[in-house]
Structure formats: C-alpha cells, structure tokens
Amino acid sequence: MLPGVRDLRALLAPVCPVAASAEALLAVAGDKSGLTGRPSLVARPRTTAEVAAVIAAANEYGFVIVPRGAGTGRCGGAVAERGGVVLDLMGLDAILEIDRREAIVRAQHGVLLGALQSEVEAVGLWFPPDPASAADCAVGGAVATSAGGLRGAKYGTMKHYVLGLEVVLPTGAVVRTGARTRKCVTGYDLTSLMVGSEGTLGVVTEATLRLLPRPDCAGTLAAWFDDEDALARGVAAALDVPCVPGALEFVDRRALAAVAAHREDFEPRGAAGLVLVECDGAAAAVAHELATFRAALEGAGAAHVERATSAADRDRLWAARRGISPAVSARWPHRLSEDVCVPRTQFVRMIGDLHGIAAGHGLTALGFGHAGDGNVHASILMERGDAEERARAEAAVGDVFRRALELGGTLSAEHGIAITKRAYLPLELAAANRAAQLAIKHALDPRGVLNPGKIFP
Ligand SMILES: Cc1cc2nc3c(=O)[nH]c(=O)nc-3n(C[C@H](O)[C@H](O)[C@H](O)COP(=O)(O)OP(=O)(O)OC[C@H]3O[C@@H](n4cnc5c(N)ncnc54)[C@H](O)[C@@H]3O)c2cc1C
C-alpha cells in the first residue's frame, strides 16, 4: 500500500526538511500552465545527498516524486497531477565556481538564471540563453526544459551550453555526466539525454555551463508597421538579410496593444506590429548589420525604423518584449498558449494560418515570437473560458499543431511537452520512436517514481 501523508512525513523528515501545511502545498501546487496538482508533501533538500535520500525512499516505498524549480514552466511539468512528493530544489542555490580562463560556470539547480547571467557578466563573461523568464526561472529548470529565448537564432538554447551535470538518477544513484572540457565523447551522451527531459529521467542538482566573452557592442533596431501586409513583408525581408542577428523578434497587433495597456514606459509607433532586431559584436560590424536590416525593413514598408540611442532606450524596448507574456495574460486570463517552431522560411505563413485557424473555430488569436529561429508563441484567446469556449480553443490548438507539422515544424521549441501537449505527441513522434523513448525511461526509472505520466500520453 502507498504511504499516506503522515507516513511520508515520518519517512522523509529524518533525511530531508519537509512541509505539509496547506500553505506550503499551495505554494508548489501549480506552475504557469494554469494547471494545479494535489501534492501530499513538499521536500526541500539543501544538498545532493538529501535529494538522493528522498529518491531512494521513493523507490523503497513506492511514492511519486515531482522535481520542481521556480514553477515558471508553461506545460505543467512541475505539477503533481498524481499527488506524491514535490521536490522543491530551490534550496540548492549556490554558484560554486566561475573559472574565467576556462570560461565555465558551475552552479547548483536553484540559482536563478538572471542572477547567473549578472554574476558572469561582472567578470566580463556572458551566458547567452535568455528566456523571457530569466529573472525568475532556475538553472535546473532551464536545463530540464532546454530553455531558449531571445538569442536562440545566433546563440542556440540551453542544450548548446551544458558541458556536464550532477544528476540524481531515478534510483537514487548520483552520477556526474559530461566533463569540464569543450569536447567529450566518452560513453553515451547522458548530458544531452538529461537536458530537456522535463524531470522524468533524473534530478539535476548541479550544471557546468560554458560561457562566451561578452560582445563589445550591441545595438537594437525597432521597426514599427502600420499594416499587416507590410509587417509580413518586413519579417520575410529581415529573415533574408545575409547575417545572423543576436535576436530577431516579431510582435503582432494584439500583443503590442496588450503591452501598451500594461506598461507606462511603452508607446507603440505603429499599430499593426513590431519587428525588433539586435545585432552584437564589434562596433563597426554592428553598425553595418543594423544598416542592412534597416534598409530591408524600410524597403518592406515599415512606418518607422529607429535605432535605440541609449542603453536605457534599448533596455526599455527589451523589457517591453519580455513583458509581453504577463501583459497578454492580464488582458486574456483565459488563453491557450503554445510554442510551435517552424522552418524560418515558414514563420510568416504560420502566423497567418494561426489567425485563420482561430477564426475557423469562432475565436481570435495572437502571435509573437522568435522569428529568427521560427519559434511562434501562438495564443488562442478566450473571453469567458467556459467549457464550451475552451473546447473550441482546444480544437484550434490541435489544428495549430497539425499546421506546424505540415509546414515541417515541431510541437514545441522550448517550453516542453509535460502535461499540456502530451496528447499531441503521436502527431509528431511515430510509435517506434515513442517506444524507444519509453524504453529509456523504463531502463532508468524501473519503478516509475520520477515525474510519471509527463511527456507521454
Ligand atoms: C513570462 C514567462 C516567459 C517565459 N519565456 C520563456 C522563453 O522565452 N523561453 C523559454 O524557453 N521558456 C520560457 N518560459 C518558460 C519557463 O520559464 C522555462 O521553461 C523555465 O526554464 C522553467 O524553469 P523553472 O525553474 O521555472 O522550472 P519548473 O517550472 O519548476 O519546472 C519545469 C520542468 O523542469 C523539471 N525540473 C525543474 N527542475 C529540475 C531539476 N533540477 N531536475 C530535473 N527536472 C527539473 C520539472 O519537473 C518540470 O518538468 C517562460 C515562462 C514565463 C512564465
């Protein structure tokens, strides 16, 4: 028989700090998917040994563990839908080492990504992966979802920066994967297997991440559009420019209006949408690249193209971009938000089709995203969020996924699958592929204790 709450507390309290008050459980019940679970207990380890002890107990007594970072995930990965113990890892929060000459940082799970970025920048280094949630999400959560963000087109995502990990396997064994070196092909690549595994294959307690030198200079261009056709031409023209920008972002009419309503420091200069371009590198190269983008965007019919003239101006534009998600959530608390990715050449088409799909279900949609890497943040908007409207929105989401796949894309660029997208997994992964992935899961987690039910329908 599975242990009850009292037994769980008695089992775990000697090996790890735990809490079971209504307040403590509420704090870890949900994430930013809007889903909530019913955890029986929260364990708050402060060391890898405590993590290992909790997982070993789960194997011995047969209870479920849900690893949790900062709870900013959008797909329900940290939600204890089957009850069990939430493993709140935010107490492992030290930056253990910054090695300037090797350009490496070693950090525990619970360091906030934004804090890590600031610490390494203070010594002249740079950590490029930059999810809009960087200030709030944990290094371990970003590793477990292979988070991306604004700089993906040029600099890639978390998976391109993880050199090695300390991981507690689902059996409770502690292993170190990878190496401190830039290259490593010793044995199977367990590091890559863990990155993006959404807490189903192991608990990341520490990550060794590679760093880059901070670019000498960065400049931002904002291109405002007054009509949608010109906006589409603008995105296509920017994608055709033969240089890789540090960021190339797209914001549509509704997203722009939501941010303008939400932030006093943001005043749109065009109603139909915005294309934001950032170039970085040596000052002369940045000036040349921005001039090339300006010509392309003006040629496509942008109403205003302006280069941010000061660091404050630039920060204000990027803060507004980071603020889209909260602004849209404030305006449309009932929305289904997905992060499909299509080949870059299909980005404009996907955005257009998104609106057509929503209209076909009697709904409206909103789109913004990382045009530079084809990643569309697609929201199907609901006004009431009642069961009837939600059923239509869910049907629209299914069509969005099918369309992204028809265009050669994928279900998720960076948020993961977890609960919200698992029903759609068979649309993209064939049965043999799913079976191979589940075989890995069963080999590493024979008792099914770690985040069971996530990713696979
Ligand atoms: C406003 C907003 C903007 C966002 N913008 C972006 C963006 O631009 N790009 C992007 O990629 N994402 C974005 N996200 C999504 C989210 O922030 C990222 O997925 C983030 O990396 C999750 O980190 P977390 O610490 O909050 O993880 P959680 O939400 O706590 O957990 C996420 C998943 O990782 C697992 N997990 C967490 N920690 C560990 C660990 N140590 N070991 C094993 N598994 C673990 C959990 O079980 C769960 O499955 C955004 C979210 C919000 C709310």
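Whatever comes next refers back to the structure up there.
Described below are features of the structure shown in this document. Remember, it's a predicted structure, so these values are computed and weren't measured experimentally.

**Looking at the overall build of the protein chain**
Along the backbone of the protein chain there are 16 helices and 18 strands. Once the C-alpha set of the protein chain is aligned to its principal axes, its extents read approximately 70 × 60 × 45 Å. Here the protein chain, with 457 residues, has 54% of them falling under the buried criterion. Just so you have it, the protein chain exposes about 18900 Å², and 54% of that area is on carbon and sulfur atoms.

**Regarding the site of the ligand**
Surveying the vicinity of the ligand reveals 35 residues, the closest of which are Pro-67, Gly-69, Thr-72, His-109 and Ser-133. Contact distances for the ligand include 2.6 Å between an oxygen atom and a side-chain N or O atom of Thr-72. For the ligand, an oxygen atom lies 3.2 Å from a polar atom in the side chain of Asn-451. Within the complex, 95% of the 970 Å² of free accessible area of the ligand lies under protein.

**Regarding the pattern of salt bridges**
One pass over the full model with this rule turns up 28 salt bridges. Of the charged contacts, one joins Arg-331 and Glu-383 as a salt bridge, the two residues approaching to 3.5 Å between their closest N and O atoms. One end of the pair, Arg-331, is in helix 12 (residues 324–331); the other, Glu-383, is in the loop between strand 18 (375–381) and helix 14 (387–406), and 52 residues separate them in sequence. Judged by its relative accessible area of 40%, Arg-331 falls in the partly exposed class. Taking the shortest distance from any N to any O, the salt bridge between Asp-445 and Lys-441 comes out at 2.7 Å. In this pair, the class of Asp-445 matches that of Lys-441, namely buried. Taken together, the shared-partner salt bridges connect Glu-97, Asp-99, Arg-106, Glu-166, Arg-176, Arg-180 and Glu-206 into one network.

**Quick notes on the pairing of strand 17 (residues 364–370)**
Counting buried residues along strand 17, six of its seven residues qualify, which places the element largely inside the surrounding structure. For strand 13 (residues 247–252) and strand 17, the ladder comprises three bridges, and the chain directions are antiparallel. Each residue of the ladder has a partner; that of Phe-250, found in strand 17, is Gly-369. Where strand 17 meets strand 18, seven bridges bridge the pair, whose relative direction is antiparallel. Considered in strand 18, the bridge of Gly-369 is made with Val-376. Where strand 17 hands over to strand 18, the hairpin turn is made up of four residues, of which Gly-374 adopts a positive phi near 75°.

**Topic: the environment of Leu-96**
Its location among the elements puts Leu-96 in strand 5 (residues 95–99). We classify Leu-96 as partly exposed; its relative accessible area is 36%. Spatially, the C-alpha atoms of Leu-96 and Tyr-161 are 17 Å apart, while their sequence positions differ by 65 residues. Setting aside its immediate chain neighbours within four residues, Leu-96 contacts Arg-106, Ala-107, Gln-108 and Glu-206.

**Comments concerning helix 8 (residues 228–240)**
Taking 1.5 Å per residue, 13 residues should reach 18 Å; helix 8 reaches 19 Å between its end C-alpha atoms and fits that length. All of the buried residues in helix 8 are Ala-230, Leu-231, Gly-234, Val-235, Ala-238 and Leu-239. Looking at the packing, one finds that the buried side of helix 8 touches strand 12 (217–225), strand 13, strand 14 (273–281), helix 10 (283–299) and helix 13 (347–360). Capping the start of helix 8 is the job of one residue whose side-chain oxygen sits 3.1 Å from the backbone nitrogen of Asp-229: Asp-227.

**Some points on the packing of helix 9 (residues 253–262) against helix 12**
The relative placement of two packed helices comes down to the angle between their axes together with the axis-to-axis distance. Relative orientation of the contacting elements helix 9 and helix 12 amounts to 90°, with a least axis distance of 8 Å. By the angle between their directions, the pair helix 9 and helix 12 is classed as roughly perpendicular. Contacts between helix 9 and helix 12 pair Ala-255, Ala-258, Val-259 and His-262 from the former with Ile-324, Pro-326, Ala-327, Val-328 and Ala-330 from the latter. For the contact of helix 9 with helix 12, the per-class residue count stands at eight nonpolar, one polar and no charged.

**Focus: the packing of aromatic side chains**
On inspection of all chains with the given rule, the structure shows five aromatic pairs. Both rings, one in Trp-126 and one in Tyr-155, keep their centres 4.9 Å apart while their planes meet at 90°; by these two values the pair is edge-to-face. You can see Trp-126 sitting in strand 7 (residues 125–126) and its partner Tyr-155 sitting in helix 6 (residues 152–155), a full 29 residues away along the chain. The pair formed by Trp-126 and Tyr-155 is uniform in burial state, with each residue classed as buried. Both rings, one in Trp-224 and one in Phe-266, keep their centres 5.9 Å apart while their planes meet at 40°; by these two values the pair is tilted. Residue Trp-224 is found in strand 12, and its partner Phe-266 is found in the loop between helix 9 and strand 14; the two are separated by 42 residues along the sequence.

Calculation rules
- Residues numbered from 1 in each chain as written.
- Predicted model: local features only at pLDDT ≥ 70, side-chain atom pairs only at ≥ 80, totals over all residues.
- Heavy atoms only, no water.
- Helix = DSSP H or I, 4+ residues; strand = E, 2+ residues; numbered from the N terminus.
- Buried < 20%, exposed > 50% of the residue type's maximum accessible area, 1.4 Å probe, protein only.
- Areas by Shrake-Rupley, 256 points an atom, 1.4 Å probe, with all protein chains shown as cover.
- Near = heavy atom within 4 Å.
- Polar contact = N/O pair within 3.5 Å; in protein donor to acceptor, adjacent residues only side chain to side chain.
- Salt bridge = Lys/Arg side-chain N within 4 Å of Asp/Glu carboxyl O.
- Pairing = 2+ DSSP bridges.
- Contact = heavy atoms within 4.5 Å.
- Expected span 1.5 Å × (residues − 1).
- Axes fitted to C-alpha atoms, helices over the stretch in contact; angles between N-to-C directions.
- Parallel < 35°, antiparallel > 145°, perpendicular 65-115°, else oblique.
- Nonpolar A, V, L, I, M, F, W, Y, C, P; charged D, E, K, R; others polar.
- Phe/Tyr/Trp six-rings, centres within 6.5 Å; stacked < 30°, edge-to-face > 60°.

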